[in-house]
Amino acid sequence: MTHASPDTTAGNTHSLIDSKLAMGWMHTARFFTTAAQLNQLPPINVPEIAFVGRSNAGKSTAINTLTQQKQLAFASKKPGRTQHINLFALGRQGVTDAILADLPGYGYAAVSREDKQRWQRVMLNYLMERESLTAVVLLCDPRLGLTELDEALLEAIRPRVEAGLKFLIVLTKADKLTRAEQAKILSITKLNAGGGEVRLFSALKKQGVDDVAQLLWHWCHPEGLPQAAPVAEATPANNAPAQNQP
C-alpha cells in the first residue's frame, strides 16, 4: 500500500490542531489503574491507545517523553520486568477523554518461557477483545527493524485494523542513525506496515515528538474538538501504585 510521506501526512492531520495543544494534552497523563489480567481492567467509554513493543525498544522512554513526565512509565534497566497492563488517563483534571495503555514488553530472553507464554495470551486477548481499543502504537528499534514477534503482533491485529483500528509504528532511537539510514528504514517499514502510519522518533533529540502527539490527539478527537466524557475513578484496590514500579 502506498503511504504519504511524514510531512505530507502531518500536513493533513496537523492542520486541525496546534502542536502545543497536543503536547499540553499529553502532559495531562496520570496513573489510572493497573491489572495483571484482561478481566481486571475496568470498562472504558473513551478512546484507548495501547503502546506495545519488544523489551528495550524504548517504549517507556517514549511514553515519558510524549507526556513530558520523567517517571510516568517506569523505564527499567532490566528489560522484561513489567508484568502488568498500566492505564494512564488523559484530559483536564476530573475529566478523562482518552486512555493510554502501557503493555508489557515482549521477547526478552531472561523472562521464563512460562511467563512469556502467559503474557502472550494476555496481550493477544487484550488486542483482540478490548472494546475501547482505538489505536495501537508499536515501538520498534530501527537498528533491528520489525522482528518476527513484531510482525506476528501486526498480523494478529490485522482483522481489527481492517475494521477500523488505527496503528502507528514508531521507530525509536532515530538519533543513533544517519539521515541516510533513517530514510532507508523509514521506507522499508512503510512497505511492511500494511496500512499503518510510520514515524521516526528520538527522545534525545525530540525528533518526531510533536508529530506523534498530534496524530494521537487527532485519533482520539476525530471531530477536531475534545469529546470529553467522565470515566469512573478506579476503585481503591486498583488505585495502588503501578506494579511495574521498583
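Everything discussed here concerns the structure shown above.
Note that this is a predicted model, so its numbers are computed, not measured. (Residues numbered from 1 in each chain as written. Predicted model: local features only at pLDDT ≥ 70, side-chain atom pairs only at ≥ 80, totals over all residues. Heavy atoms only, no water.)

With reference to specific residues and values, describe the overall build of the protein.
Within the protein, the secondary structure is distributed over seven helices and seven strands. Partitioning the contacts of the protein with sequence separation of at least 6, the portion at a separation of at least 24 is 77%. Carbon together with sulfur atoms contributes 52% to the accessible area of the protein, which is approximately 12,100 Å² in total. (Helix = DSSP H or I, 4+ residues; strand = E, 2+ residues; numbered from the N terminus. Contact = heavy atoms within 4.5 Å. Areas by Shrake-Rupley, 256 points an atom, 1.4 Å probe, with all protein chains shown as cover.)

So, helix 3 (residues 59-67): which residues are in play, and what are the values?
Every α-helix carries 3.6 residues per turn, so stepping three or four residues along brings you back to the same face. The buried count for helix 3 comes to eight of nine residues, which makes it a mostly enclosed element. Along helix 3, the residues that are buried comprise Lys59, Ser60, Ala62, Ile63, Asn64, Thr65, Leu66 and Thr67. The inward-facing, buried residues of helix 3 abut helix 2 (19-27), strand 2 (48-53), strand 4 (98-102), strand 5 (133-140) and helix 7 (209-220). Once helix 3 ends, the next one or two residues include Gln68, with phi positive near 55 degrees. (Buried < 20%, exposed > 50% of the residue type's maximum accessible area, 1.4 Å probe, protein only.)

For the pattern of salt bridges, give the residues involved together with the corresponding values.
This structure, assessed with the given rule, holds seven salt bridges. Put simply, Glu155 and Arg158 hold a salt bridge, and the shortest N to O gap is 3.2 Å. On the criterion of helical spacing, the pair formed by Glu155 and Arg158 is a turn pair, its members being three residues apart in helix 5 (residues 148-162). What makes Glu155 partly exposed here is its relative accessible area of 46%. On the basis of relative accessible area, Arg158 is assigned to the partly exposed category, the value being 35%. Asp211 is the salt-bridge partner of Arg199, the closest N and O atoms lying 2.6 Å from each other. Of this pair, Arg199 sits in strand 7 (residues 197-200) while Asp211 sits in helix 7, and the two are 12 residues apart along the sequence. For the residue pair Arg199 and Asp211, the accessibility class agrees, reading buried in each case. Linked by salt bridges that have partners in common, Asp141, Arg143 and Lys173 make up one network. (Salt bridge = Lys/Arg side-chain N within 4 Å of Asp/Glu carboxyl O.)

Which residues make up the packing of helix 4 (residues 113-129) against helix 5, and what values go with them?
At their nearest, the axes of helix 4 and helix 5 sit 9 Å apart, and the two run at 25 degrees to each other. By the angle class used here, helix 4 and helix 5 are roughly parallel. Here helix 4 runs over helix 5; the crossing is right-handed. Listed contacts from helix 5 to Met123, Leu124, Tyr126, Leu127, Met128 and Glu129 of helix 4 are Leu153, Ala156, Ile157 and Arg160. Residues of the contact of helix 4 with helix 5, tallied by class, amount to eight nonpolar, no polar and two charged. (Axes fitted to C-alpha atoms, helices over the stretch in contact; angles between N-to-C directions. Parallel < 35°, antiparallel > 145°, perpendicular 65-115°, else oblique. Left-handed = near helix turned anticlockwise from the far one by under 90°. Nonpolar A, V, L, I, M, F, W, Y, C, P; charged D, E, K, R; others polar.)

Would you mind going over the packing of helix 2 against helix 7 in detail, with residue names and values included?
For the pair helix 2 and helix 7, the least separation of the axes is 8 Å and the interaxial angle reads 75 degrees. The pairing of helix 2 with helix 7 is recorded here as roughly perpendicular in orientation. Seen from helix 2, the contacting residues are Ser19, Ala22, Met23, Trp25 and Met26; seen from helix 7, they are Val209, Asp210, Ala213, Gln214, Leu216, Trp217 and Cys220. Its residues placed into classes, the contact of helix 2 with helix 7 shows nine nonpolar, two polar and one charged.

Got a sec to walk through the sheet that holds strand 1 (residues 30-35)? Specific residues and values, please.
Pairing within the open sheet is mixed, and its seven strands lie in the order 1-3-4-2-5-6-7. Edge positions in the sheet fall to strand 1 and strand 7, since each has one partner strand and no second. When the angles between neighbouring strand axes are averaged without regard to direction, this sheet yields 25 degrees. The pairing of strand 3 (residues 85-90) with strand 4 spans five bridges and is antiparallel. Opposite Leu87, over in strand 4, you have Ala101 as the bridge partner. (Pairing = 2+ DSSP bridges.)

Describe in detail unusual backbone geometry, supporting the description with residues and values.
Look at Lys173: it is not a glycine, yet its phi comes out positive at around 55 degrees. Within the fold, Lys173 resides in the loop between strand 6 (166-171) and helix 6 (179-192). The phi torsion at Lys206 lies on the positive side, around 60 degrees, for a residue other than glycine. Turning to its location among the elements, Lys206 is positioned in the loop between strand 7 and helix 7. Here Lys206 falls in the exposed class, since its relative accessible area comes to 53%.

Outline the environment of Leu186, supporting the account with residue identities and numerical values.
The residue Leu186 is located in helix 6 in this model. C-alpha of Leu186 to C-alpha of Val170: the two residues are 16 residues apart in sequence and 9.8 Å apart in space.

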